[in-house]
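Coordinate analysis (summary)
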Amino acid sequence: MKKVVFLSDYILKTLSRYLEYESEFFDISQIESALLGDINADIVVIFLKRGVHNLKELKSLLKEFRKRNKAKILISNFFDEFLDISYSQNMDEYKKLIEENLYLENFIEEISDLNVINLFKLVNKFGIETLINKKNLYLFQTPFTKKGFEIVAKEIDEKIKLFFTKRKKVLVLDADNTLWGGIVGEDGVDGIKIDENYPGILYKKFQANLKELLKSGIVLTLVSKNNFEDVKEVFDKKDMPLKWDDFLIKKINWLPKSENIKSIANEINVGLDSLLFIDDNPFEIEEVKTSIGVDGILVNEDNILDILDDVRLKAITLTKEDKEKLNQYKAEQKRSEVLKSVSSIDEFIKSLNIEINYWINNKEHLKRITQLINKTNQFNLTTKRYSESEVEEMMNKYKVFSFQVKDRFGDMGIVSVVIVKNKEIDTFLMSCRVLGRKIENQIMDIVEKEVGLPLYATYIKSPKNSQVENLYEKLGFKLIEKSENIKKYVKDKK
């Protein structure tokens, strides 16, 4: 069970009733002094009272704490209520409040493994009367109502899960009664519902929300048991938030949906565990889950505006690579077309005009490096997982390489990481998007140039990395030790 330590300007012990974690509560108003000491916890949760702390000094203190402690950090932002004297005065007060909360947002970028508990959002969503007990706030330093404690505890639980949840890469969407109301094959294009009236407005808002997910890096695909021409006609004739080209892959046919979804995963080279399926039919959800193990969400008019509020679709921060995901996959489709037209892999690689850039201990790449470390399985020689704070610590001690790959179709971003501790390769991984292009040879040449020989390396077998089991031999390393699941190597000469 994870241990959560609370540092707060309020008395919050009631939260422990609603959280399934081992909880410890420091005395109130001890935030700074506690952060200067040793805290034994998996997660540190900090609740701030507005106007009490110098936020610049608090940020510096948290940075020092991060150097000494690997605990995840959750910190609350601010809520407030203002006397209604005039609109302009109220707006001035809210601007100041928002500026303070925006300053806290910068903590996420500057301090690893930190996220914000958005009390400002909760107060606006549920209302201050629902969330805050003003009498108890001033009399007992206990801010929340009974319902408020439940809401805040749920928010804390979700934020904690977000630290440990792998974000889905691909949404697979049904069409009829999912992207719009009605069945296009029966109701016709003019009969389906997606407009400003109920229930069409629900589907329009749902598509707008999907568009935001698309911007955040989650790829949209379409799987529908339908006539292709009917579905295409909807996109051609209806003014909808989502456009035809917003979907990377469209599988519109009468095959089992599990078969189509498996094909999508193969086409964009992602694991089935990276997909999430949304459909209005319980049979289809169960068929996909049973056949290929892909999670599904059953959608209807009652939940359609809530189902995307799912921790599996959220991120603490978004990297440049996340935001460019759709363009990167479209570029990959173009590369696949080129591959089909050439006579050999060498000719294909040469045609790409590949360019590799690299950095050592670049903290601007910290979040992307951590993301790759914790999601890359196939081309990963040791499959070691590290938190953002652990990667940052290694940057201060060792050499953490980040590699960017470009070719004539576009920038694939940071796609490879190598961590060298002294003279030993601790981590060597590459995104599956750049496999099969002999990039690993160039990467190892760069590492050898920067680190020098001899260079030591280890391969640790995992359920998914068998394709790189003999990689070090191919790169000129000599096997010096072998057991059932581990091989150790050295390279001491060119």
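So, here is what we can say about the structure in this document. Keep in mind it's a predicted model, so treat the numbers as computed, not measured.

Next up on the list: the overall build of the protein. A count of helical and extended segments in the protein gives 19 helices and 17 strands. Here the protein has a C-alpha radius of gyration of 26 Å; the compact-globule value for 494 residues is 23 Å, and the two agree. Counting only C-alpha atoms and orienting by the principal axes, one finds that the protein spans roughly 75 × 65 × 45 Å. The 494 residues of the protein split such that 51% are buried. Taking the intrachain contacts of the protein between residues at least 6 apart in sequence as the baseline, contacts between residues at least 24 apart amount to 68%. Within the structure as shown, the protein displays about 23700 Å² of accessible surface, and the carbon and sulfur contribution to it stands at 48%. Seen as two clouds, the 80 positive and the 81 negative side-chain charges of the protein have centres 5 Å apart.

This next bit is on the sheet that holds strand β17 (residues 486-491). Strand order across the open sheet formed by seven strands is β11-β12-β13-β14-β15-β17-β16, with mixed pairing between neighbours. With partners counted over all chains shown, the strands left at the sheet margins are β11 (355-360) and β16 (478-482), one partner each. Across the sheet, the mean angle from the axis of one strand to that of its neighbour is 30 degrees, orientation sign disregarded. In terms of strand pairing, β11 meets strand β12 (residues 399-407) through six bridges, oriented antiparallel. Across the sheet, residue W359 finds its bridge partner in β12, namely S402. Contacting β12 and β13 (410-421), helix α14 (residues 325-341) crosses the sheet at an angle of about 100 degrees to β13.

Attention shifts here to the layout of surface pockets. Over the atoms rolls a probe the size of a water molecule, and its path tells where empty space is left. For the largest pocket, the calculated volume is near 1100 Å³. What lines the largest pocket is a set of 37 residues, among which N118, K121, E158, K159 and K314 lie closest to the centre. Where the lining of the largest pocket is concerned, the elements lending two or more residues are α3 (87-110), β5 (114-117), α4 (119-126), α7 (146-164) and α9 (200-215). A total of eight residues in the lining of the largest pocket trace back to one element, the largest contributor, which is α7. Taken together, the residues that form the lining of the largest pocket break down as 16 nonpolar, seven polar and 14 charged. Its boundaries defined by the atoms lining it, the second largest pocket holds a volume of some 780 Å³.

Turning next to the packing of aromatic side chains. By the definition in use, this model includes 17 aromatic pairs. On the basis of an interplanar angle of 90 degrees and a centroid distance of 4.9 Å, the ring pair of F82 and Y94 is categorised as edge-to-face. Here the residue F82 occupies a position in the loop between β4 (72-76) and α3, and Y94 occupies one in helix α3, the gap between them amounting to twelve residues. By relative accessible area, Y94 is classed as partly exposed at 31%. Connected via pairs of aromatic rings, a cluster forms that spans W180, F228, F235, W244 and F247. Cation over ring: K2 sits above F164, and NZ or CZ is 4.4 Å from the ring centre.

What counts and how
Every residue gets a number counted from 1 within its own chain, in the order that chain's sequence is written. Totals for whole chains, interfaces and linings use every residue, but because this is a predicted model, local features are given only for residues with pLDDT of at least 70 and side-chain atom pairs only at 80 or more, for both listing and counting. Working from all heavy atoms in the structure, the side-chain values ignore hydrogens and water. Put simply, DSSP marks the helices as runs of H or I at least four residues long and the strands as runs of E at least two long, and each gets a number from the N terminus on. Here the globule rule is a power law, 2.2 Å times the number of residues to the power 0.38, and the radius of gyration is based on C-alpha atoms. Under the scheme applied here, a residue whose accessible area is under 20% of the maximum for its type counts as buried, over 50% as exposed, and between as partly exposed, the area being computed with a 1.4 Å probe on protein chains only. Between two residues, a contact is recorded if the distance between any of their heavy atoms is within 4.5 Å. Using the Shrake-Rupley algorithm and a 1.4 Å probe, accessible areas are obtained, with residue cover drawn only from the displayed protein chains. A positive count includes Lys and Arg, and a negative count includes Asp and Glu. His and the chain ends are not counted in either. Note on charges: their place is set at NZ of Lys, CZ of Arg, CG of Asp or CD of Glu. For two strands to pair, DSSP has to find at least two bridges joining them. Orientation is described by axes fitted as lines to C-alpha atoms, over the contacting stretch for helices, and by angles from 0 to 180 degrees between their N-to-C directions. Space inside and on the surface of the protein is sampled on a 1 Å grid over the protein atoms alone, with a cavity defined as a set of points where a 1.4 Å probe fits but cannot get out and a pocket as an open set with protein on both sides within 12 Å along at least 5 of 7 lines; lining residues have an atom within 4 Å of a point. Grid points are joined across faces, edges and corners, and a volume is the space filled by probe spheres set on the points. Amino acids are sorted into nonpolar (Ala, Val, Leu, Ile, Met, Phe, Trp, Tyr, Cys and Pro), charged (Asp, Glu, Lys and Arg) and polar (every other residue, Gly among them). Pairing of aromatic rings covers Phe, Tyr and the six-membered ring of Trp, with a centre-to-centre limit of 6.5 Å; geometry is then stacked below 30 degrees between planes, edge-to-face above 60, and tilted otherwise. In this analysis the charged atom, NZ for Lys or CZ for Arg, is taken to sit over a ring once it is within 6 Å of the ring centre and within 35 degrees of the ring normal.

Treat this as a map of the structure, not an account of what it does.
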